[in-house]
Amino acid sequence: PHIIFILADDFGWDDVGFHGSRKIPTPNLDALASDGIILSNHYSQPLCTPSRGSLLTGKHPIQIGLQRGVIYSAQPFGLGLKEKLLPEYLKTLGYKSHMVGKWHLGFFADEYTPMRRGFDSHYGFYGASEDYMTHIGGMGGLDFWLNGQPDRSGQGHYSTTLFTTKAEQLLAEHNQTEPMFLYFSHQAVHTSHPKEDGHRLFAPSQYTDKFPFIADVECQHMAGMISALDESVGNLTKSLHTNGMLENTIIIFSSDNGAPHENTDVCSSNYPLRGAKTSVWEGGTRVPAFVWSPLLKKSGYVSKQMMHISDWLPTLLEAAGYNMSALPGDLYGVSQWQALQENGPSARNSMLYNADHKKQGSWALRVGDMKLLQAEGATQLHSGWQQPFAINLQSQLPSNEPNNTNYVQEEQSQVASILEEHETLAGKRRHEATFWLASTLCKQLAEPAVIQQARQNKRRSGRTVPNCGFASTGVAPRSCVNTGRPCLYNVTADPCEYYNLAEYLPEVVERLETRLDDLLKRSIEPINKPADPAAYPKNHGGVWMPWIE
C-alpha cells in the first residue's frame, strides 16, 4: 500500500470537529476520521523532536537520547546515525519515500539531514520554526530546502500551500508500479517568529476572512491556520483520488504533541484535557489522530486501544508486508495492525509518557487504566485546564440581512464527496458529511470500581472522591503541584486528571514506580549539546545550514 503520514504541529485535542469541537470547521479531517478509525487513546511525546524521533525509529526517546527538550538550530546534535529509520526499512520493500515539511531532528552535519536518512526527496525546513511567508528562522537565517539545497523560490508564499502543492506534484509524478511513502510533516499550526506587530500566528486573508466574528487577531489567524490545514488534507485526498492511488492507500493523521495553550497567546486548545505541550498531562500528550484506508477490514469506529507514536513503525511495516521477525528486538513500538483491523485489544498495556534517565524533573507512566505522574518543571507550570474556545459555531447563525457575514460560512468537504464516489462511507449519516461527533470525554460516568475501592480506603471523614465531572465542581486548579510526591490517576474513568488516588492506592503507586525503574534501565543519557556560534546564519550567507564536516 501507499502510506501517507500527515503530522500536524502543536494541534490540540479540541482543534478538530471529530472530537466534538465547534470552534472551527474541519470537514475534510472529520470525513476521513469518521469513515476511518478515530484513535481516542493515541499518544505522542510532549514535544516536537522526541515525537518525530520516536515515530521514525519505533523507539522511545529514552532509548535514543531525545528525552530532554528539543533540538535548536545551533545545537550540534541530532538523531543518532546508528538508528534505522522508517523510510530505510520501507526501501527494502521497494518503496519510494518522500518528505515534505518540518524535519527537526538535527542538521549540524549533512549526514543528519533527511536525504541522508532514507528519503528520496525533501522539500521543507530543518529547524523548529520559521516565518510562514518568508521562511526565515531565528537570527534572520533562511531555513528552506529542496533536496539538500537552500531554496528561496518559495519566499512570499504560504508554507501550508507550498507543502501541499509539492505533495500533489509528488503524487502526480509517482511511478505507480512502486509503492510510495509520503511523510507530510506540516508547519501548521506551530507559532512562527514574532512579526513587527508582535503576532506569532499567521494565515493568508483567504482563510482569516472566513472568521470575521473572531475579534482577537491571533485567534482569527489560528482559525485560518486550522482551516488551511484542513483544506490541505482535502487537496491531498483529492490528488490521491485523481491519480488512482486512493484505493491502495493508508492515511494516518496525528499531532506531534498537544497545543501550547497555557501561559501563551496561542488560541488552540486541549479542552477538556489537562495541561499543554511540554507537559506529561493528557493535554500535552493525548493528541488528535486517526487512520483511514480501504484496506482496513473494520472502520467507522472510535478506537479505545492504547497506542503510542512509536507503534506506527512496526504497524506500517506489518501492513506493508515486512518480515516482522527481522525487526530489532529493542523497539519500544509494537504493531497495532491486527488490533486496528479487527477492533481488537491493543497490543500494548502500558506506556511511558516521558522520563529523564535519572528520574529527574517530570515523568509519567501509564499501566492499564492507571497513570502515575510526577509534576515538576513544565508539567508543574502547565498543570491547569483550559475552557472551551469562546466561539461556538452553533451560536453564529446568519441573520436576515443579505450582507451579514458575522458567522462562519458552511464548509464543504472535498473528502466526503470523494468517499461518496468511492462508496466507502458507511451509512447515510456519514454521507451527509455532518461530522460533529459528540464527545463523551469527561461526562458523568458510572463510579468505577477503583474509585469505589478508594472510597472504602479513605480515612478522613467527610471526604469523597467524586466522578469525573468538570473542574468547576471544586477541583483545585493546581492540584498535584508542589506536593513532592507522585500522583495517581485512573485516566480511563478520569481522563481529565482531576482526582489524585495516590493516598487511596499506595500499592498501585509502588507497583508503577517499580515498573518505571525497570523501564529506565533501557534509557541512555540525553544527547543534548550546547549551541555552537559557528552555526549562526551570519557565518553562512544568511542561511541555517549544516556547518560541521
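What this report covers is the structure whose coordinates are included nearby. (Residues numbered from 1 in each chain as written. Predicted model: local features only at pLDDT ≥ 70, side-chain atom pairs only at ≥ 80, totals over all residues. Heavy atoms only, no water.)

Quick word on the state of the cysteines
- Tallied over the entire structure, the rule returns 2 disulfides.
- One disulfide bridge connects Cys 219 with Cys 267, the sulfur atoms lying 1.9 Å from each other. The sign of the S-S torsion, about -75°, decides the handedness of the disulfide formed by Cys 219 and Cys 267: left-handed. Placement of Cys 219 in helix α7 (residues 217-242) and of Cys 267 in the loop between β9 (249-255) and α8 (282-285) is noted, with a sequence separation of 48 residues between them.
- For Cys 267, a relative accessible area of 7% translates into the label buried. (Disulfide = S-S within 2.5 Å. Helix = DSSP H or I, 4+ residues; strand = E, 2+ residues; numbered from the N terminus. Buried < 20%, exposed > 50% of the residue type's maximum accessible area, 1.4 Å probe, protein only.)

Description of the pairing of strand β4 (residues 96-102)
- When you tally the buried positions in β4, you get 6 out of 7 residues, the bulk of the element.
- In this sheet, strand β8 (residues 180-185) lies alongside β4 in parallel orientation, the contact comprising 6 bridges. In the sheet register, Met 99 faces β8, and the bridge partner there is Tyr 183. (Pairing = 2+ DSSP bridges.)

Some thoughts on the nonpolar core
- Grouped together as the largest cluster of nonpolar side chains are 110 residues, with contacts concentrated most on Phe 11, Phe 181, Leu 182, Val 291 and Trp 312.
- In terms of nonpolar packing, the next biggest core, distinct from the first, is built from 33 residues, Trp 281, Met 306, Trp 363 and Met 370 among them. (Core = buried A, V, L, I, M, F, W, Y, C linked by side-chain atoms within 4.5 Å.)

Details of the sheet that holds strand β15 (residues 370-374)
- The strand order β13-β14-β15-β16 describes an open sheet built from 4 strands, whose pairing is antiparallel. Sheet topology places β13 (350-354) and β16 (487-490) at the edges, where each strand pairs with a single neighbour. On average, each strand axis in the sheet is tilted by 15° relative to the strand beside it, whichever way the strands run.
- Across the sheet, helix α15 (residues 506-519) touches β13, β14 (363-367), β15 and β16, and the angle it forms with β14 is around 110°. (Axes fitted to C-alpha atoms, helices over the stretch in contact; angles between N-to-C directions. Contact = heavy atoms within 4.5 Å.)

As for the sheet that holds strand β2 (residues 37-39)
- Overall, mixed pairing links the 10 strands, which are arranged β7-β6-β5-β4-β8-β1-β9-β10-β2-β11 in an open sheet. The sheet is open, and its two borders are formed by β7 (149-150) and β11 (301-303), each paired with just one other strand.
- Where strand β1 (residues 2-8) meets β8, 5 bridges bridge the pair, whose relative direction is parallel. Bridging from a neighbouring strand, Phe 5 pairs with Tyr 183 of β8.
- Sheet contacts for helix α9 (residues 312-319): β1, β2, β9 and β10 (289-292); angle to β9, the most-contacted strand, approximately 170°.

Describing helix α12 (residues 414-422)
- Along α12, the residues classified as buried are Val 415, Ala 416, Ile 418 and Leu 419. One face of α12 carries all of its buried residues, which in axial projection span an arc of 165°.
- In this structure, the buried residues of α12 make contact with α1 (27-35), α7 and β10. (Arc of directions from axis to C-beta.)

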